[in-house]
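# A closer look at the structure
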Amino acid sequence: MKELAATAKAFLLDNDEATTSELNEHLKSIALTLLTDKVGDFWSGVEVDHLGDAQRDLRELARGSLSVNQQEHIVKALEALTAAQARVHSGDTQPLLSVLSQLDSTTGNATAILKDDVRDNVRDNPTESTESCLYWDELSSIYRGEHSINLKPASQVDIASAHKTLARFTL
(Lines give C-alpha, C1' and ligand atoms only; values in the text may rest on other atoms or scores of the structure.)
Protein backbone atom coordinates (compact mmCIF):
# COMPACT_ATOMS: atom_id res chain seq x y z
CA MET A 1 0.00 0.00 0.00
CA LYS A 2 2.92 2.36 0.68
CA GLU A 3 4.12 1.82 -2.89
CA LEU A 4 0.68 2.79 -4.26
CA ALA A 5 0.65 5.93 -2.14
CA ALA A 6 4.17 6.83 -3.25
CA THR A 7 3.27 6.30 -6.91
CA ALA A 8 0.07 8.34 -6.52
CA LYS A 9 2.07 11.16 -5.00
CA ALA A 10 4.82 10.95 -7.64
CA PHE A 11 2.25 11.33 -10.43
CA LEU A 12 0.12 13.96 -8.56
CA LEU A 13 -2.79 11.52 -8.27
CA ASP A 14 -3.10 12.32 -4.58
CA ASN A 15 -4.45 15.77 -5.51
CA ASP A 16 -8.11 15.52 -6.58
CA GLU A 17 -8.15 19.15 -7.62
CA ALA A 18 -5.14 19.05 -9.98
CA THR A 19 -6.05 20.41 -13.39
CA THR A 20 -5.27 18.70 -16.67
CA SER A 21 -2.62 21.28 -17.42
CA GLU A 22 -0.93 20.78 -14.02
CA LEU A 23 -0.97 17.02 -14.50
CA ASN A 24 0.43 17.35 -18.05
CA GLU A 25 3.20 19.73 -16.97
CA HIS A 26 4.22 17.39 -14.18
CA LEU A 27 4.18 14.39 -16.51
CA LYS A 28 6.24 16.35 -19.06
CA SER A 29 8.82 16.89 -16.34
CA ILE A 30 8.87 13.17 -15.54
CA ALA A 31 9.11 12.21 -19.24
CA LEU A 32 11.92 14.70 -19.78
CA THR A 33 13.80 13.21 -16.83
CA LEU A 34 13.28 9.70 -18.23
CA LEU A 35 14.63 10.93 -21.57
CA THR A 36 17.68 12.83 -20.34
CA ASP A 37 18.85 10.99 -17.22
CA LYS A 38 21.23 8.06 -17.30
CA VAL A 39 19.29 4.80 -17.66
CA GLY A 40 20.87 3.40 -14.49
CA ASP A 41 19.11 6.09 -12.46
CA PHE A 42 15.77 4.33 -12.89
CA TRP A 43 16.77 0.83 -13.93
CA SER A 44 19.29 -1.40 -12.19
CA GLY A 45 19.00 -4.50 -14.30
CA VAL A 46 17.39 -7.75 -13.33
CA GLU A 47 16.62 -7.12 -9.67
CA VAL A 48 14.91 -3.74 -9.66
CA ASP A 49 12.53 -2.50 -12.31
CA HIS A 50 11.22 0.85 -11.08
CA LEU A 51 9.42 1.46 -14.37
CA GLY A 52 7.56 -1.85 -14.22
CA ASP A 53 6.71 -1.29 -10.56
CA ALA A 54 5.30 2.15 -11.35
CA GLN A 55 3.25 0.72 -14.23
CA ARG A 56 1.73 -1.94 -11.99
CA ASP A 57 0.96 0.65 -9.32
CA LEU A 58 -0.66 3.01 -11.84
CA ARG A 59 -2.85 0.21 -13.20
CA GLU A 60 -3.90 -0.66 -9.68
CA LEU A 61 -4.66 3.01 -8.94
CA ALA A 62 -6.76 3.17 -12.14
CA ARG A 63 -9.13 0.65 -10.56
CA GLY A 64 -9.90 3.12 -7.80
CA SER A 65 -12.24 6.07 -7.65
CA LEU A 66 -10.55 8.86 -9.61
CA SER A 67 -11.68 11.82 -11.65
CA VAL A 68 -11.71 11.71 -15.45
CA ASN A 69 -8.62 13.97 -15.49
CA GLN A 70 -6.79 11.57 -13.19
CA GLN A 71 -7.78 8.53 -15.27
CA GLU A 72 -6.55 10.25 -18.44
CA HIS A 73 -3.36 11.18 -16.61
CA ILE A 74 -2.79 7.53 -15.68
CA VAL A 75 -3.12 6.56 -19.35
CA LYS A 76 -0.59 9.22 -20.36
CA ALA A 77 1.75 8.19 -17.54
CA LEU A 78 1.58 4.55 -18.65
CA GLU A 79 2.47 5.65 -22.19
CA ALA A 80 5.45 7.59 -20.84
CA LEU A 81 6.66 4.63 -18.80
CA THR A 82 6.26 2.26 -21.76
CA ALA A 83 8.26 4.70 -23.87
CA ALA A 84 10.93 4.86 -21.16
CA GLN A 85 11.16 1.08 -21.22
CA ALA A 86 11.84 1.25 -24.96
CA ARG A 87 14.76 3.55 -24.19
CA VAL A 88 16.04 1.23 -21.47
CA HIS A 89 15.77 -1.98 -23.49
CA SER A 90 16.78 -0.83 -26.96
CA GLY A 91 18.03 2.73 -26.69
CA ASP A 92 15.06 3.96 -28.74
CA THR A 93 14.26 7.51 -27.64
CA GLN A 94 11.61 8.18 -30.30
CA PRO A 95 8.68 6.95 -28.17
CA LEU A 96 9.63 9.31 -25.33
CA LEU A 97 10.00 12.21 -27.75
CA SER A 98 6.53 11.39 -29.11
CA VAL A 99 5.07 11.32 -25.62
CA LEU A 100 6.59 14.72 -24.88
CA SER A 101 5.07 16.22 -28.02
CA GLN A 102 1.67 14.60 -27.29
CA LEU A 103 1.63 16.12 -23.82
CA ASP A 104 1.39 19.54 -25.43
CA SER A 105 -2.12 18.66 -26.58
CA THR A 106 -4.87 17.56 -24.25
CA THR A 107 -6.58 15.24 -26.72
CA GLY A 108 -5.89 11.59 -27.28
CA ASN A 109 -7.20 8.11 -26.80
CA ALA A 110 -7.47 8.06 -23.04
CA THR A 111 -8.73 4.52 -22.66
CA ALA A 112 -6.69 2.34 -25.04
CA ILE A 113 -4.06 1.24 -22.53
CA LEU A 114 -6.61 0.59 -19.79
CA LYS A 115 -8.73 -1.47 -22.20
CA ASP A 116 -5.66 -3.58 -23.01
CA ASP A 117 -5.03 -4.06 -19.31
CA VAL A 118 -8.66 -5.04 -18.67
CA ARG A 119 -8.53 -7.50 -21.58
CA ASP A 120 -5.35 -9.03 -20.12
CA ASN A 121 -6.98 -9.31 -16.68
CA VAL A 122 -10.10 -10.97 -18.12
CA ARG A 123 -7.94 -13.47 -19.99
CA ASP A 124 -5.90 -14.20 -16.84
CA ASN A 125 -8.94 -14.28 -14.51
CA PRO A 126 -11.93 -15.50 -16.53
CA THR A 127 -14.27 -15.69 -13.55
CA GLU A 128 -14.78 -13.01 -10.98
CA SER A 129 -15.47 -13.73 -7.37
CA THR A 130 -17.47 -11.55 -5.01
CA GLU A 131 -14.70 -11.86 -2.44
CA SER A 132 -11.97 -9.25 -2.33
CA CYS A 133 -8.73 -10.80 -3.48
CA LEU A 134 -5.37 -9.99 -2.02
CA TYR A 135 -2.77 -9.38 -4.72
CA TRP A 136 0.83 -10.44 -4.30
CA ASP A 137 2.07 -6.83 -4.13
CA GLU A 138 -0.32 -6.12 -1.26
CA LEU A 139 0.57 -9.31 0.59
CA SER A 140 4.27 -8.67 0.13
CA SER A 141 3.91 -5.11 1.37
CA ILE A 142 2.00 -6.23 4.45
CA TYR A 143 4.58 -8.92 5.21
CA ARG A 144 7.53 -6.53 4.84
CA GLY A 145 5.75 -3.91 6.95
CA GLU A 146 5.10 -6.38 9.77
CA HIS A 147 8.65 -7.73 9.75
CA SER A 148 10.52 -4.46 9.17
CA ILE A 149 10.82 -3.90 12.92
CA ASN A 150 12.75 -7.14 13.47
CA LEU A 151 14.98 -7.10 10.39
CA LYS A 152 18.18 -5.28 9.59
CA PRO A 153 18.13 -3.04 6.51
CA ALA A 154 20.18 -5.52 4.47
CA SER A 155 17.71 -8.29 5.24
CA GLN A 156 14.81 -6.01 4.27
CA VAL A 157 16.48 -5.36 0.91
CA ASP A 158 17.01 -9.10 0.39
CA ILE A 159 13.37 -9.86 1.18
CA ALA A 160 12.14 -7.08 -1.12
CA SER A 161 14.32 -8.46 -3.92
CA ALA A 162 13.06 -12.00 -3.35
CA HIS A 163 9.45 -10.78 -3.33
CA LYS A 164 9.95 -8.91 -6.62
CA THR A 165 11.43 -12.04 -8.16
CA LEU A 166 8.49 -14.12 -6.91
CA ALA A 167 6.07 -11.55 -8.31
CA ARG A 168 7.73 -11.72 -11.69
CA PHE A 169 7.45 -15.51 -11.92
CA THR A 170 4.03 -15.97 -10.32
CA LEU A 171 1.95 -13.48 -12.32
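Residues numbered from 1 in each chain as written. Predicted model: local features only at pLDDT ≥ 70, side-chain atom pairs only at ≥ 80, totals over all residues. Heavy atoms only, no water.

What follows covers the confidence of the model for the protein chain. Per-residue confidence for the protein chain averages 77 on the pLDDT scale, and 77% of its residues sit at or above 70. Ranking the elements of the protein chain by mean pLDDT puts helix H6 (residues 112–124) last, at 50, and helix H5 (residues 94–102) first, at 89. (pLDDT = per-residue confidence, 0-100. Helix = DSSP H or I, 4+ residues; strand = E, 2+ residues; numbered from the N terminus.)

Listed in full, the buried residues belonging to helix H1 (residues 2–10) are Leu4, Thr7 and Ala8. Down the axis of H1, the buried side of the element spans an arc of 100°, and every buried residue falls inside it. In H1, the exposed positions that point more than 90 degrees away from the buried face belong to Lys2 and Lys9. Summarising the contacts, the buried residues of H1 are in contact with helix H3 (50–62). Directly after H1, the chain includes Leu12, whose backbone phi takes a positive value near 60°. (Buried < 20%, exposed > 50% of the residue type's maximum accessible area, 1.4 Å probe, protein only. Arc of directions from axis to C-beta. Contact = heavy atoms within 4.5 Å.)

Another point: the nonpolar core. Counting residues in each nonpolar core, the largest one holds 26 residues, and the members touching the most others are Phe11 and Leu58. Only H1, helix H2 (20–36), H3, helix H4 (68–90) and H5 provide two or more residues apiece to this core. Per-element accounting of this core gives the leading share, eight residues, to H4. What Leu58 contacts, discounting residues up to four positions off in sequence, is Thr7, Phe11, Leu13, Ile74, Ala77, Leu78 and Leu81. (Core = buried A, V, L, I, M, F, W, Y, C linked by side-chain atoms within 4.5 Å.)

So, on to the pattern of salt bridges. Going through the model one piece at a time under the given rule, you end up with four salt bridges. When the shortest N-O distance is used, the salt bridge between Glu25 and Lys28 registers 3.2 Å. Placement of both Glu25 and Lys28 in helix H2 is noted, with a separation of three residues, approximately one turn of the helix. In this structure, Glu60 and Arg63 form a salt bridge, with 2.9 Å as the shortest nitrogen-oxygen distance. Taking relative accessible area as the criterion, Glu60 reaches 26% and is therefore assigned partly exposed. Sharing partners across several salt bridges, the network here consists of Asp53, Arg56 and Lys164. (Salt bridge = Lys/Arg side-chain N within 4 Å of Asp/Glu carboxyl O.)

Relative orientation of the contacting elements H1 and H3 amounts to 90°, with a least axis distance of 9 Å. Between H1 and H3, the angle is such that the two are roughly perpendicular. Seen from H1, the contacting residues are Glu3, Leu4, Thr7 and Ala8; seen from H3, they are Ala54, Asp57, Leu58, Glu60 and Leu61. Taken together, the residues of the contact of H1 with H3 sort by class into five nonpolar, one polar and three charged. (Axes fitted to C-alpha atoms, helices over the stretch in contact; angles between N-to-C directions. Parallel < 35°, antiparallel > 145°, perpendicular 65-115°, else oblique. Nonpolar A, V, L, I, M, F, W, Y, C, P; charged D, E, K, R; others polar.)

Its location among the elements puts Arg87 in helix H4. An unpaired buried charge is present at Arg87: no salt bridge exists, and Asp37, the closest side chain of opposite charge, is 7.1 Å distant. Separated by 2.5 Å, the side chain of Arg87 and the backbone oxygen of Leu34 make a polar contact. (Lys, Arg positive; Asp, Glu negative; His and termini not counted. Polar contact = N/O pair within 3.5 Å; in protein donor to acceptor, adjacent residues only side chain to side chain.)

Looking now at the packing of H2 against H4. At a minimum axis separation of 10 Å, H2 and H4 run at an interaxial angle of 10°. In terms of their interaxial angle, H2 and H4 are classed as roughly parallel. Side by side, H2 and H4 meet where Thr20, Leu23, Asn24, Leu27, Leu34, Leu35 and Thr36 of the first sit next to Asn69, Gln70, His73, Lys76, Ala77, Ala80, Leu81, Ala84 and Arg87 of the second.

Turning our eyes to something else, we now look at the environment of Ala62. Residue position: Ala62 is located in helix H3. Overall, Ala62 belongs to the buried group, its relative accessible area being 15%. Along the chain, Ala62 and Ile74 lie 12 residues apart, while their C-alpha atoms are 6.9 Å from each other.

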